[in-house]
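# Chains, contacts and geometry: an overview
Now for the letters of each chain:
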Amino acid sequence: MVELGFPRRIFFREDAGEALKMLLSDRGIDSVLVVTDPVVSSMHWFKDMLESVKSVARVSLYTGVEPEPGFEVADGIASAAREAGARAIIAVGGGSVIDAAKSGLVKLVNPKISLDQVAPFTSIGVEGSGVLLVAVPTTSGSGSDASYGIVLTRRVDGREKVALGSYELIPYASILDPRLPKFMPRRLAIGTGLDVLAHSLEALVSINSNPVSDALSLKAIELVFRHLPRIAGGEGSDDDWAMMHIAATMAGMAFTNSGLGLAHAIAHPLGARLGIHHGTIVATVLPYVIEYNSRSPEALSKYRYVKDFLEKMLGAPERGSLEDHVRALYRGVGHPVRLRDLAGVSEEEYRGLVDEVAESALRDPDIAFNPVVPTVDDIADILRKAY
Amino acid sequence: MGYRFPSREWAEEYCRLLDSSQRYRSSGRGWKYPILFKVADTNQGFTLYLEDGRCLGVEWYDDASSADAPVIISASLDEWVEVISGRINPLTAIMRRRLKIEKGDISLILRYSIAALEMVHVAQKLGLGSSGEGGGG
Ligand SMILES: [Fe+2]
């Protein structure tokens, strides 16, 4: 049997400011800390949203979240929240901002805990603290607004991505305003959109998958195949953006209640070494992982189910395998199918990284629930093929 | 084989087999902590002194209730049988709280998930003894 966890409330509507006002008034919260990054904080809509929130609560701001935040961000956010006497932390941004806010919440309610101790059933004290975490995602990708995970970068001897998680860190509320992701640069919209696909496909075949996570994964996969190509082509309608936005959250719910897998386990160390955006790197590795995982009969039957669905219900042409459909989607949205096409490293440099990345991937917690247990040589093989 | 689980003999043989497993040697590299395995309904238990992919020794307790180790994993005999016989993945069992981490860091254990799976694989080779279950592997 399984334990499942979800945000308590999800607002899917075109006015995040109004939704926040409603939520804070409902809960009688009169003091909040808004956490964001410098890019979001300069946007007009962000200022409008703050005005709405200010009509019901005192607002303090933490606008210093950098891309790929490190462990130190947690203390900064926690002390800002403490100083403000915040009863809610509102994270407005992409996965990095939401993850930073989660880590800040940990340090706010439990200053003595080290982030390394955050683990699925470790009691952190969030639930008893009365402080609510509210996520307003501005990208349609990480699913962090519905997930229990935090990914931070550790900057001791090189860069290492560390994934942590606890059910207490699923945000209390997720506010999905489909106007916000439209401000993303096109490349980011594609990268984050393909991360949604990776979350769904990994959650689908994880050994912890269950009927609830399967339902969420399958619908999210459908939404990506239906709506991402038009967004990537510059002709996304309001409906396309809205559907990708909710798909990201559904995929976040799926993997929180199932698991991720080998593509994410590889993407964490590889992305950190190459300094490439998470969604871009995980998407590039994904078809090779699907191919590898197909040696598991259970995974293969789920992949075939998706392949049949794409061909029979979405009218995709018949192809040999699911990974062929995934590659066709990449070509359709202009995303590389091989790592060599991502700028930055020569083949020689890349080959030099393979063994080290494979070792780190083997130590990544996301590998625990992959349907096939890989050896370090299997991972190195996948890495070589993916180049 | 034929050692019965749980028993001192089973634990000692398990440690020997684990120490000679090449796959455990490589997947357990970097792990430094002894693990105390407890059988909740009989109060028995044993500590494996695990270090860098090796099993350096074992301590058996007829009564493990006051034994201590940096990592303590506890479950009923039925749950251990499920895990050792391969009917439930050990990490899934942890996530579903069928194996209880009484002490230690789950996130660290998840980082050694391949080593955990190899530990089960080795336990399967040893089997469960006269209870007649398990084997294979
Ligand atoms: Fe991801």
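Cut-offs and rules
The residue numbering used here restarts from 1 in each chain and proceeds along that chain's sequence as written. Going through the entries in the order they are written, you letter the chains from A and number the ligands from 1. Since the coordinates come from a predicted model, pLDDT governs what is reported: local features require at least 70, and pairs of side-chain atoms require 80 or more to be given and counted, while whole-chain, interface and lining totals use all residues. Computation of side-chain values: all heavy atoms of the structure, hydrogens and water removed. In DSSP terms, a helix is any run of H or I states spanning at least four residues, a strand is any run of E spanning at least two, and both are numbered starting from the N terminus. Using C-alpha atoms as the atom set, the radius of gyration is obtained and then compared with a globule rule of 2.2 Å times the number of residues to the power 0.38. Throughout, exposure labels follow a simple rule: accessible area from a 1.4 Å probe, protein chains only, divided by the maximum for the residue type, with under 20% read as buried, over 50% as exposed, and the rest as partly exposed. Pairing of N or O atoms within 3.5 Å defines a polar contact, subject to two protein rules: one partner must be a possible hydrogen donor and the other a possible acceptor, and residues neighboring in sequence count only if both atoms are side-chain atoms. Here the expected length of a helix is defined as 1.5 Å per residue gap, with one fewer gap than residues. Following DSSP output, two strands are said to pair if at least two bridges run between them. What counts as a domain boundary in this text is fixed by an automatic or database domain assignment. We call two residues in contact when some of their heavy atoms are within 4.5 Å. What counts as buried area is the accessible surface, traced by a 1.4 Å probe, that two parts surrender upon association, with contributions from both included. For this analysis, a salt bridge means a side-chain nitrogen from Lys or Arg found within 4 Å of a carboxyl oxygen belonging to Asp or Glu. Cysteine sulfur atoms that come within 2.5 Å of each other are treated as a disulfide pair. Between N-to-C directions, angles cover 0 to 180 degrees, with each direction set by a line fitted to C-alpha atoms, over the stretch in contact for helices. Relative orientations are named as follows: roughly parallel for angles under 35 degrees, roughly antiparallel for angles over 145 degrees, roughly perpendicular for angles from 65 to 115 degrees, and oblique for any other angle. Crossings are assigned a handedness: left-handed for a near helix turned anticlockwise from the far helix by less than a right angle, right-handed for a clockwise turn. Each residue is assigned to one class: nonpolar for Ala, Val, Leu, Ile, Met, Phe, Trp, Tyr, Cys and Pro, charged for Asp, Glu, Lys and Arg, and polar for all the others, Gly among them. Buriedness of a pocket was judged along seven lines, with at least five required to meet protein on both sides within 12 Å; pockets are open sets of points on a 1 Å grid over the protein atoms alone, cavities are sets where a 1.4 Å probe fits but cannot get out, and lining residues have an atom within 4 Å of a point. Grid points are joined across faces, edges and corners, and a volume is the space filled by probe spheres set on the points.

The next thing to look at is the overall build of chain B. Across its full length, chain B holds 6 helices and 5 strands. Overall, chain B shows an N-to-C arrangement of helices and strands of α-α-β-β-β-β-α-α-β-α-α. For 137 residues, the compact-globule estimate of 2.2 N^0.38 gives 14 Å, and the C-alpha radius of gyration of chain B, at 13 Å, lies within 12% of that figure. On the principal axes, the C-alpha backbone points of chain B span a range of 35 × 30 × 25 Å. In chain B, which comprises 137 residues, the proportion classed as buried is 57%.

Here we come to the side chain of A:Ser147. All names here are of chain A. Within the secondary structure, Ser147 sits in the loop between β5 (132–137) and β6 (149–154). Judged by relative accessible area, Ser147 falls into the buried class, the value being 3%. A polar contact is formed between the side chain of Ser147 and the backbone nitrogen of Gly149, at a distance of 3.2 Å.

In this section: helix α9 (residues 238–256) of chain A. In this model, α9(A) (19 residues) spans 28 Å end to end at C-alpha, consistent with the 27 Å of a helix rising 1.5 Å per residue. With 16 of 19 residues buried, α9(A) lies mostly within the body of the structure.

Right, let's get into the pairing of β5(A). All names here are of chain A. With 6 of its 6 residues buried, β5 lies for the most part within the structure. Burial along β5 is two-sided: Leu132, Val134 and Val136 and Leu133, Ala135 and Pro137, pointing in opposite directions, are all buried. Bridge count between strand β4 (residues 88–93) and β5: 6 bridges; the pairing is parallel. Its bridge partner being in β5, Gly93 is matched across the sheet by Pro137. Relative to strand β8 (residues 173–176), β5 runs parallel, the two being bridged by 2 bridges.

Turning next to the domain arrangement of chain A. Residue and element names in this part refer to chain A. As far as domains go, chain A holds domain 1 (9–180) and domain 2 (185–386). The C-alpha-based centres of domain 1 and domain 2 are spaced at 26 Å. Each partner contributes to the interface: domain 1 provides 22 residues, whereas domain 2 provides 22 residues. Roughly 1900 Å² of surface becomes buried between domain 1 and domain 2 when both sides are summed, with 65% attributable to carbon and sulfur atoms. Counting across the domain 1 and domain 2 interface gives 0 salt bridges. On inspection of domain 1 and its partner domain 2, the count reaches 4 residue pairs in polar contact (both at pLDDT 80 or more). Contributing elements (two or more residues each) for the side of domain 1 that touches domain 2: β1 (9–12), β7 (160–165) and β8.

On to the state of the cysteines. All names here are of chain B. Under the defined criterion, the tally for this structure stands at 1 disulfide over all chains. The partner cysteine of Cys15 in its disulfide is Cys55, sulfur to sulfur 2.0 Å. A torsion of -110 degrees about the S-S bond marks the disulfide between Cys15 and Cys55 as left-handed. Residue Cys15 is found in helix α1 (residues 8–19), and its partner Cys55 is found in strand β3 (residues 54–61); the two are separated by 40 residues along the sequence. By the burial criterion, Cys15 is buried, and Cys55 matches it.

Let us now look at the sheet that holds strand β3 (residues 58–62) of chain A. Residue and element names in this part refer to chain A. Across the sheet, 6 strands lie side by side as β1-β8-β5-β4-β2-β3; this open sheet has parallel pairing. At either margin of the open sheet sits one strand with a lone partner, and together these are β1 and β3. Each adjacent strand pair in this sheet contributes to an overall mean axis angle of 20 degrees, direction not counted. Sheet topology note: the strand β2 (residues 31–35)/β3 ladder contains 5 bridges and is parallel. Residue pairing across strands places Leu33 opposite Ser60, the latter belonging to β3. Its contacts with the sheet put helix α3 (residues 44–54) on β2, β3 and β4, and the angle it makes with β3 is roughly 145 degrees.

This paragraph deals with the packing of helix α11 (residues 278–293) of chain A against helix α13 (residues 322–333) of chain A. All names here are of chain A. The contact between α11 and α13 brings their axes to 9 Å, and the two run at 165 degrees. Classified by the interaxial angle, the pair formed by α11 and α13 is roughly antiparallel. When the axes of α11 and α13 are compared, the crossing they make is left-handed. Only Leu322, Glu323, Val326, Arg327 and Tyr330 of α13 make contact with α11, whose side of the interface consists of Ala283, Thr284, Leu286, Pro287, Tyr288, Ile290 and Glu291. Looking at the contact of α11 with α13, its residues break down into 8 nonpolar, 1 polar and 3 charged.

This part is about empty space enclosed by the protein. Here the idea is plain: a probe the size of a water molecule rolls over the atoms and shows the empty space left. Residue and element names in this part refer to chain B. This structure, assessed with the given rule, holds 3 cavities of 30 Å³ or more. Within this model, the largest cavity holds a volume of roughly 350 Å³. In terms of lining residues, the largest cavity is bounded by 23 residues, among which Tyr14, Phe37, Ile73, Ala116 and Met119 are the most central. At the level of elements, α1, β1 (35–39), β2 (45–51), α3 (77–84), α4 (90–95) and α6 (113–126) are the ones that each hand at least two residues to the lining of the largest cavity. The element best represented in the lining of the largest cavity is α6, accounting for 5 residues. Of the residues contributing to the lining of the largest cavity, the split by class is 23 nonpolar, no polar and no charged.

Applying the stated criterion to the full structure yields 25 salt bridges over all chains. Here A:Glu3 makes a salt bridge to B:Arg97, at a shortest N to O gap of 2.9 Å. Residue A:Glu3 is located in the segment before β1, and its partner B:Arg97 is located in the loop between α4 and β5 (100–103); the two belong to separate chains. Looking at B:Arg97, the relative accessible area reads 48%, which means it is partly exposed. The residue A:Asp214 makes a salt bridge to A:Lys302 at a minimum N-O spacing of 3.2 Å. On the criterion of sequence distance, the pair formed by A:Asp214 in helix α8 (residues 211–232) and A:Lys302 in helix α12 (residues 297–312) is long-range, its members being 88 residues apart. Judged by its relative accessible area of 16%, A:Asp214 is buried. Each of the salt bridges in this network shares a partner with another, and the network as a whole consists of B:Glu79, B:Glu82, B:Arg87 and B:Arg98.

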